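# Structure at a glance
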Amino acid sequence: MKIINSVSELRNEIKSLKASKGGLKDVKTGLVPTMGALHGGHLSLIEKCRSENEIVVVSVFVNPTQFGPNEDYDKYPRTLEADSKLCEKAGVDFVFAPSPRDIYDEYYFTHKETTLICPPYDVVNKLCGKSRPGHFDGVCTIVGKLFNITKCDRAYFGKKDAQQLFIIKKMVKELNFDIEIIGCPIVREKDGLAMSSRNTYLSNDARKLALNISRGLYKAKELAQKGVKEADTLIDTALAYMGGLDVEYTEIVSVDTFEKIDIIEQGPCKALMLVAARVESNGSKVRLIDNIDL
Ligand code: AMP
């Protein structure tokens, strides 16, 4: 496994590994984009990628363009050494761990602007995007750049970031990227808390409170399975578990369109309940997200 910082080096390494594996045509490259502080959720993506591709690239990059001015860009956990060990064990070929200057042109540092990929307003300015203006533009921009850098055939994303997955699929379709996007199931701790790099911020008490997010979601699902179809009732049920949390949104949307729905349809995986909530921990607020199909 190689740890690579520069774009040109990664391109050369992928090219020569491809050639050494018998030519350019049937050798597939899989990409797992991450911000590092890897956990079991990331690992599940990496393992799936490893099982389906000849070449596996994991990017570890805390992307400045997807963070707002008052967000946790500076304090976001950076654990490249441990991440690399995990990747090595999982059989990754290349860990791509660039610095912002390896990724963004000098213009970005002098003008605080760069060329962006901006999905439609209605798609990015709801749910997570409502409280994080510009977030999904930053996400699409870095993901688009990683697609161009790696020339990957497949890319793996977690369903935990459901809106992100929806937006990336849309971007790939609308910008004609010749890449297959694979969505992977949410990996949870034994008690149900969705794994997240931000869980490392949580004190013991905050973690207990955070668990109420998944509890609420599971309770709503239970009710939906018993036949309750009204979104408001299901949302109220989930919210009843989330006292003590600063809930930013709880919504039910269609998996296919991400439009809000009032009555959930019959059949599996048509409706998704999504939550974003902030938990007070050691004097600051930790923003967590989770979702469940109803
Ligand atoms: P991040 O490092 O948080 O940007 O996440 C990188 C990728 O890992 C994204 O596609 C996430 O959706 C995915 N991911 C993060 N946490 C989980 C989880 N608990 N289960 C599955 N995928 C996850």
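Residues numbered from 1 in each chain as written. Predicted model: local features only at pLDDT ≥ 70, side-chain atom pairs only at ≥ 80, totals over all residues. Heavy atoms only, no water.

### Some remarks on the site of the ligand
Neighbouring residues of the ligand: 17 residues in total, closest His42, Gly158, Asp161, Val187 and Met195. Met35 places a main-chain nitrogen or oxygen 2.9 Å from an oxygen atom of the ligand. For the ligand, a nitrogen atom lies 2.8 Å from a polar atom in the backbone of Met195. A total of 490 Å² of accessible area belongs to the ligand in isolation, and the protein chains cover 93% of it. Of all elements in the fold, only strand E2 (29-34), helix H2 (40-52) and strand E5 (154-158) reach the threshold of two or more residues within the shell around the ligand. The dominant element in the shell around the ligand, judged by the number of residues it contributes, is H2, at three residues. For the shell around the ligand, a count of residues per class yields nine nonpolar, six polar and two charged. (Near = heavy atom within 4 Å. Polar contact = N/O pair within 3.5 Å; in protein donor to acceptor, adjacent residues only side chain to side chain. Areas by Shrake-Rupley, 256 points an atom, 1.4 Å probe, with all protein chains shown as cover. Helix = DSSP H or I, 4+ residues; strand = E, 2+ residues; numbered from the N terminus. Nonpolar A, V, L, I, M, F, W, Y, C, P; charged D, E, K, R; others polar.)

### Concerning the domain arrangement of the chain
The domain boundaries assigned to the chain delineate domain 1 (2-184) and domain 2 (197-293). With centres defined by C-alpha atoms, the gap from domain 1 to domain 2 works out at 26 Å. Both faces combined, the contact of domain 1 with domain 2 buries some 1600 Å², and carbon together with sulfur accounts for 54% of it. Of all residues in domain 1, Leu127, Lys160 and Phe166 bury the most surface against domain 2, accounting for 34% of the area lost on that side. If you look at where domain 1 meets domain 2, you find one salt bridge. In this structure, Arg198 engages Asp72 in a salt bridge whose closest nitrogen and oxygen atoms are separated by 2.8 Å. Where domain 1 touches domain 2, the interface holds nine residue pairs in polar contact (both at pLDDT 80 or more). Looking at the side of domain 1 that touches domain 2 residue by residue, the classes come out as eight nonpolar, five polar and seven charged. (Domains from an automatic or database assignment. Buried area = accessible area lost by both parts, 1.4 Å probe. Salt bridge = Lys/Arg side-chain N within 4 Å of Asp/Glu carboxyl O.)

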